[in-house]
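Results of the structural survey
Each chain is listed here by its residues.
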Amino acid sequence: MDYTDLRTVKQLAQEAPFVTESTLRWWIYHANSNGFDTVLIKIGGRVYIDKHAFNKWLEGQRLAAPDSEAA
């Protein structure tokens with residue numbers, strides 16, 4: 001892991017405007033049930049999001065395979 005990929009909730013929300021801080025916090029709160037725990041790094045009392053892992057997690061949320069054609 002590259003430490004330069006770590007983001008706070010606020011930083012990630014600014015970089016990815018399609019997701020709000022509230023949405024990120026909801027995903028973090030429910031991380032054990034939605035798989036978001038794979039993107040989280042906890043250091044002391046702070047929670048950071050691994051940007052690279054977040055992108056992989058986001059890709060896994062597709063409703064259809066990327067190579068399938070829309071009907």
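Above: the structure in question.
I will try to describe carefully the structure that is included in this document. (Residues numbered from 1 in each chain as written. Predicted model: local features only at pLDDT ≥ 70, side-chain atom pairs only at ≥ 80, totals over all residues. Heavy atoms only, no water.)

1. Some points on the sheet that holds strand E2 (residues 40-43)
Here 3 strands make up an open sheet; going across it, the order is E1-E3-E2 and the pairing antiparallel. This sheet does not close on itself; its edge strands, each paired only once, are strand E1 (6-7) and E2. Where E2 and strand E3 (residues 46-50) come together, 4 bridges link them in antiparallel fashion. What sits directly across from Ile43, in E3, is Arg46. Helix-sheet contacts for helix H4 (residues 51-59) involve E1 and E3, and the interaxial angle to E3 is about 60°. (Pairing = 2+ DSSP bridges. Helix = DSSP H or I, 4+ residues; strand = E, 2+ residues; numbered from the N terminus. Contact = heavy atoms within 4.5 Å. Axes fitted to C-alpha atoms, helices over the stretch in contact; angles between N-to-C directions.)

2. Re the pattern of salt bridges
Scanning the model with the defined rule gives 5 salt bridges in all. Among the salt bridges present, the one from Arg25 reaches Glu21, with a minimum N-O distance of 3.5 Å. With a gap of 4 residues between them, Arg25 and Glu21 both fall in helix H2 (residues 21-29), about one helical turn apart. With relative accessibility at 48%, the residue Arg25 sits in the partly exposed group. The partner of Arg62 in a salt bridge is Glu59, and the shortest N-O contact between them spans 2.4 Å. For Arg62, a relative accessible area of 47% translates into the label partly exposed. Residues participating in the shared-partner salt-bridge network are Arg7, Glu15 and Lys51. (Salt bridge = Lys/Arg side-chain N within 4 Å of Asp/Glu carboxyl O. Buried < 20%, exposed > 50% of the residue type's maximum accessible area, 1.4 Å probe, protein only.)

3. Things to note about the packing of aromatic side chains
Under the defined criterion, the tally for this structure stands at 6 aromatic pairs. When the centroid spacing of 5.6 Å and the interplanar angle of 50° are considered together, the rings of Trp27 and Phe36 count as tilted. The class of Trp27 is buried, set by a relative accessible area of 17%. Accessibility expressed as a relative area gives 0% for Phe36, which makes it buried. Taken together, Trp27, Phe36, Phe54 and Trp57 form an aromatic cluster joined through their ring pairs. (Phe/Tyr/Trp six-rings, centres within 6.5 Å; stacked < 30°, edge-to-face > 60°.)

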